[in-house]
There are 2 protein chains.
Amino acid sequence: MTTPVRFAILIYDGVEPIDIGATYGVLSMARRIRSEIEMLLVAEQPGPVVTANDLTVMAHRGFDDCPPADVLIVTGGPGWSRQCENERVLRFIRDWSRTPALLASVCTGGMILAAAGVLDGHRATTKREVYGTERPPLDVMAERHPDIATETGVLVDDGKVVTGGGVSLAMDVTLYLIDRLCGADVGRETARIIEYAAAREANRQRFA
Amino acid sequence: MTTPVRFAILIYDGVEPIDIGATYGVLSMARRIRSEIEMLLVAEQPGPVVTANDLTVMAHRGFDDCPPADVLIVTGGPGWSRQCENERVLRFIRDWSRTPALLASVCTGGMILAAAGVLDGHRATTKREVYGTERPPLDVMAERHPDIATETGVLVDDGKVVTGGGVSLAMDVTLYLIDRLCGADVGRETARIIEYAAAREANRQRFA
């Protein structure tokens with residue numbers, strides 16, 4: 001028996017479906033290499049969650065029955081702004097921050113971590129690239145949360161907290177968390193079998 | 001009123017969740033740029049579909065009530081081999097091949113298109129990179145279907161049929177289909193806001 005390495009992924013109404021694919025989906029592929037990887041979707045309540053643009057996915061667990069995990073990954077999407085005012089979500093994140101688990105975010109999930117206060121005193125990043133009149137979330141983070149040292153990057157590892165850049169970079173964040181929790185050989189092999197090795201290297205160099 | 005550009009995405013039990021994220025999820029982001037983009041998940045029956053590693057998603061439509069679309073994208077995942085023997089799925093694909101719609105596949109979805117016979121006489125690709133003792137699906141495609149001109153590549157555009165490489169390259173295929181159906185400016189802007197521009201270029205150059 002090997003010890004499971006468990007990834008809990010926090011979702012909510014209005015999450016972007018790519019944020020689920022790039023976290024849960026990358027881990028699903030990583031399980032071909034290391035079957036001790038486990039992952040689950042957690043939401044306020046178990047059961048249906050409706051993403052941006054109307055895809056319904058079932059959360060495996062609710063806040064009340066979520067098992068401990070090695071990392072809690074907070075996903076992004078247009079629902080982030082409402083979640084920043086959802087006391088149950090913010091309390092759930094704060095409770096996790098007092099456990100040995102890592103905290104991580106992909107895309108605008110970083111805005112929810114920031115609202116929970118768990119990024120204060122830390123370096124962090126979030127989504128930058130927007131369309132039309134939307135303000136870059138990274139600018140909003142810097143403005144609302146002066147105690148966060150905002151940066152641009154594929155991801156920012158500040159030890160206890162790992163935050164990622166926008167949307168597709170959720171794949172890079174998930175691979176990085178696999179590196180940290182399972183070993184860099186597992187992250188590298190996962191990137192290879194999902195044919196993401198060249199893309200990952202290009203993203204690394206872009207911010208080198 | 002602008003005309004909708006509709007993407008139907010075929011899923012089934014044992015699809016890889018990243019294949020949904022990288023198709024439906026990229027289109028969800030593209031809708032921020034062009035709201036006339038529409039997409040739906042179609043399965044044999046509407047309702048719950050269980051992916052590889054136990055994520056439940058709800059198919060919007062079943063085969064019997066699926067509206068016409070501009071393209072049918074067939075997703076991949078370990079369930080592909082069973083679908084290659086599923087006469088209802090093969091017939092559904094053959095019926096689409098007689099409509100004006102494009103046919104496309106991501107990852108091992110290409111194996112299902114091949115089994116339906118719609119790739120015979122065409123150039124096509126599918127997943128290559130595997131772990132352990134699994135045989136590369138591209139080799140299996142070449143062996144089982146001598147009438148398909150198999151190639152390696154990010155994707156192969158043979159006019160009526162567009163097939164993609166493995167797993168994460170589903171993002172590149174979806175962006176390419178956006179290029180074809182909505183214009184290259186929309187594909188480029190979508191790649192930018194999902195922070196995939198550098199990755200996309202690296203994938204292009206890898207196979208240039």
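Above: the structure in question.
The model shown is predicted, which means the values in this text are computed figures rather than measured ones. Starting afresh in each chain, residues are numbered from 1 along the sequence in its written order. The naming scheme follows written order: chains are lettered A onward, ligands numbered 1 onward. For this predicted model, a pLDDT threshold of at least 70 governs which residues receive local features, and a threshold of 80 or more governs which side-chain atom pairs are given and counted, while totals over whole chains, interfaces and linings are taken from all residues. Remark: hydrogens and water are excluded; side-chain values derive from all non-hydrogen atoms of the structure.

A.B. asks: A description of the relation of the copies chain B and chain A should follow, citing residues and the corresponding values.
C.D. replies: Laying chain B over chain A is done by rotating through 180 degrees and shifting 0.0 Å along the axis; what remains is an RMSD of 0.0 Å. As the rotation angle and translation indicate, the two copies are arranged about a two-fold axis. Most of the interface of chain B is mirrored in chain A, where 100% of its interface residues are also at the interface. Copy-to-copy alignment: least squares on C-alpha atoms, limited to residues at pLDDT 70 or above in both. Note on contacts: a residue pair is in contact if any heavy atoms of the two residues lie within 4.5 Å.

A.B. asks: So what's going on with the sheet that holds strand E6 (residues 71-74) of chain A? Residues and values would help.
C.D. replies: Residue and element names in this part refer to chain A. What makes two strands pair is DSSP finding at least two bridges between them. Here a helix means four or more residues in a row that DSSP labels H or I, a strand means two or more in a row labelled E, and each is numbered from the N terminus. With mixed pairing, the 7 strands of this open sheet are ordered in space as E5-E2-E1-E6-E7-E11-E10. Two strands bound the open sheet, and with one partner strand each, they are strand E5 (61-62) and strand E10 (155-157). In this structure, strand E2 (residues 37-43) lies alongside E5, joined through 2 bridges in parallel fashion. Pairing of Val 42 across the sheet is with Arg 61, part of E5. Relative to the sheet, helix H4 (residues 87-97) contacts strand E1 (5-10), E2, E6 and strand E7 (102-105), its axis offset from that of E6 by approximately 150 degrees. Here, axes are lines fitted to C-alpha atoms. For helices the fit covers the stretch in contact, and angles between N-to-C directions go from 0 to 180 degrees.

A.B. asks: Which residues make up the pattern of salt bridges, and what values do they have?
C.D. replies: For this document, the term salt bridge refers to a Lys or Arg side-chain nitrogen within 4 Å of an Asp or Glu carboxyl oxygen. Counted under the stated rule, the structure contains 36 salt bridges over all chains. One salt bridge in this structure joins Glu 44 of chain A and Arg 88 of chain A, with 3.5 Å as the shortest N-O distance. Remark: Arg 88 of chain A occurs in helix H4 and Glu 44 of chain A occurs in the loop between E2 and strand E3 (47-50); sequence separation between them is 44 residues. Between Arg 123 of chain A and Glu 151 of chain A there is a salt bridge, with its nearest N and O atoms 2.9 Å apart. Pair noted here: Arg 123 of chain A is in strand E8 (residues 123-124) and Glu 151 of chain A is in the loop between strand E9 (149-150) and E10, with a separation of 28 residues, a long-range link. Any residue under 20% of the maximum accessible area for its type is buried, any over 50% is exposed, and the rest in between are partly exposed; the area is computed with a 1.4 Å probe on protein chains only. Given a relative accessible area of 27%, Glu 151 of chain A falls into the partly exposed group. Overlapping salt bridges bring together Glu 16 and Glu 134 of chain A together with Arg 32 of chain B as one network.

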